[in-house]
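Survey of secondary and tertiary structure
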Amino acid sequence: MAVPAQRTQQIVRHFSASSMSRFSVQLAPWRAALVSHLEAMDSPTFVLSSLHRELGADTTPSAQWTTDAATFSPRARTVVYRGMWAALSLNPRNPAPRNPNVYQTDLLTITTDVRMEKVSEMFPKPSTTSTGATEILPSCAGGPVEGVIWAAEAKTQWRIRGRVYMVGPDIESDAALPVRQALSAHMRRQQAGNTKTDAEADAWGWAKELTAHFGNLSPVMRGSFRNPPPGTPLSSAPGPGLGLGQKVEDLHDKIARDNFRVLVIIPEQVDQVDLSDPERGRRWRHDLTTKDDEAAWTTTELWP
């Protein structure tokens, strides 16, 4: 499942605050088919795998995912596809203000509670303050992941390998600039050069997009971010304001929003196996490659 980090790192290195608009990632040739398959599902779920750092492994940011492979073991869980980053589908029940519809990306998103084990498996260990309290995990780059989707109606399996990024409450801060740069590379402007679209793009907000994802959940799902810490013993008393079965209507509920995160997957390799024709299965591997100020997808057809 290991994915070389060079592709995403090459993309990120091309960015500085003054060059964000010069770099671009071309439209992925697999995007339309994948989105149509996901939208056809009754419940658009998929299996997401990551690497679990074993007890005693170095978990400092400088050493993440670079130590000996023996310190890791695989973990997998079922997650819900929440749309492509910066391109949420219209939901009339979403009370959050929406960003202008000016971008298109190939970046799959899921939502998570920052206290979940998958977060500690995908991202650097949070640091501690001078008082010994654990800091809230900020927006940051994560490790290698692999998502596997079986689109039953289309009889197609998708295997998506890449890196994961976390979008949190600090997304518009200076510290979160590397995350914004990495994601911006994949945010293609629709109708670029159009005066109206250019003005809408200038009004597009990162925090606004994060809130839109929170609003896209039902009040019961928003309330789940007020649950007791996931995976802790039932004998442990939950903290103030925490408890099962809550409904959250306030889009800026302090407790829920502190725990809420959007995880964004930047695909680097996509394996597509089409078994819709029982007499002739087909398979393609799509690889993201970089050159100068542009990243493009190359497609190789394989034996299934």
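Higher on the page you've got the structure.
Summary of the structure given here. (Residues numbered from 1 in each chain as written. Predicted model: local features only at pLDDT ≥ 70, side-chain atom pairs only at ≥ 80, totals over all residues. Heavy atoms only, no water.)

Notes on the pattern of salt bridges
- Tallying each qualifying case throughout the model produces 13 salt bridges.
- The residue glutamate 146 makes a salt bridge to arginine 161 at a minimum N-O spacing of 2.6 Å. A residue pair is termed long-range when its members are at least 10 positions apart, and glutamate 146 in strand β6 (residues 140-151) and arginine 161 in strand β7 (residues 156-167) qualify at 15 residues.
- With a relative accessible area of 8%, glutamate 146 lands in the buried category.
- Within this structure, Arg31, Asp106 and Arg188 form a network of salt bridges that share partners. (Salt bridge = Lys/Arg side-chain N within 4 Å of Asp/Glu carboxyl O. Helix = DSSP H or I, 4+ residues; strand = E, 2+ residues; numbered from the N terminus. Buried < 20%, exposed > 50% of the residue type's maximum accessible area, 1.4 Å probe, protein only.)

A word on the pairing of strand β5 (residues 108-113)
- Among the six residues in β5, six count as buried, and that is most of the element.
- Residues Leu108, Ile110 and Thr112 line one face of β5 and the alternating positions Thr109, Thr111 and Asp113 line the opposite face, and both faces are buried.
- Bridge count for β5 against strand β9 (residues 260-274) is six bridges, and the pairing is antiparallel. Residue pairing for β9: aspartate 113 is matched across the bridge by phenylalanine 260. (Pairing = 2+ DSSP bridges.)

Concerning empty space enclosed by the protein
- By the definition in use, this model includes one cavity of 30 Å³ or more.
- Volume-wise, the largest cavity comes out at about 70 Å³.
- Along its surface, the largest cavity is lined by Ala86, Ala87, Leu88, Arg98, Asn99, Pro100, Asn101, Trp204 and Glu209.
- The class makeup of the residues in the lining of the largest cavity is five nonpolar, two polar and two charged. (1 Å grid on protein atoms, 1.4 Å probe; cavity = no way out; pocket = protein on both sides within 12 Å on 5 of 7 lines; lining within 4 Å. Points joined across faces, edges and corners; volume = space filled by probe spheres on them. Nonpolar A, V, L, I, M, F, W, Y, C, P; charged D, E, K, R; others polar.)

Let's talk about the pairing of β7
- Counting buried residues along β7, ten of its twelve residues qualify, which places the element largely inside the surrounding structure.
- In this sheet, β7 lies alongside β6 in antiparallel orientation, the contact comprising ten bridges. In the strand pairing of β7, cysteine 140 is matched with methionine 166.
- Where β6 folds back onto β7 in an antiparallel hairpin, the turn is made up of four residues, including lysine 155, whose phi is positive at roughly 50°.
- For β7 and β9, the ladder comprises twelve bridges, and the chain directions are antiparallel. Counterpart to threonine 156 in the pairing with β9 is aspartate 274.

Things to note about the environment of isoleucine 110
- Tracing the backbone shows isoleucine 110 in strand β5.
- Discounting chain neighbours no more than four positions away, the residues touching isoleucine 110 are Phe46, Leu48, Val79, Val80, Arg82, Lys118, Arg261, Val262 and Leu263. (Contact = heavy atoms within 4.5 Å.)

Topic: the nonpolar core
- Residues Leu34, Phe46, Leu48, Phe123, Ile149 and Met166 are the most contacted members of the largest nonpolar core, which totals 34 residues.
- Among the elements of the structure, α2 (31-39), β2 (45-53), β5, α3 (117-122), β6, β7, β9 and β11 (294-302) are those that each provide at least two residues to this core.
- Setting aside anything within four residues of it in sequence, one finds methionine 166 in contact with Val114, Val119, Phe123, Leu137, Pro138, Ser139, Cys140, Val179, Arg261, Val262 and Leu263.
- Listed in part, the 28 residues of the second largest apolar core include Trp85, Val102, Val167 and Val248. (Core = buried A, V, L, I, M, F, W, Y, C linked by side-chain atoms within 4.5 Å.)

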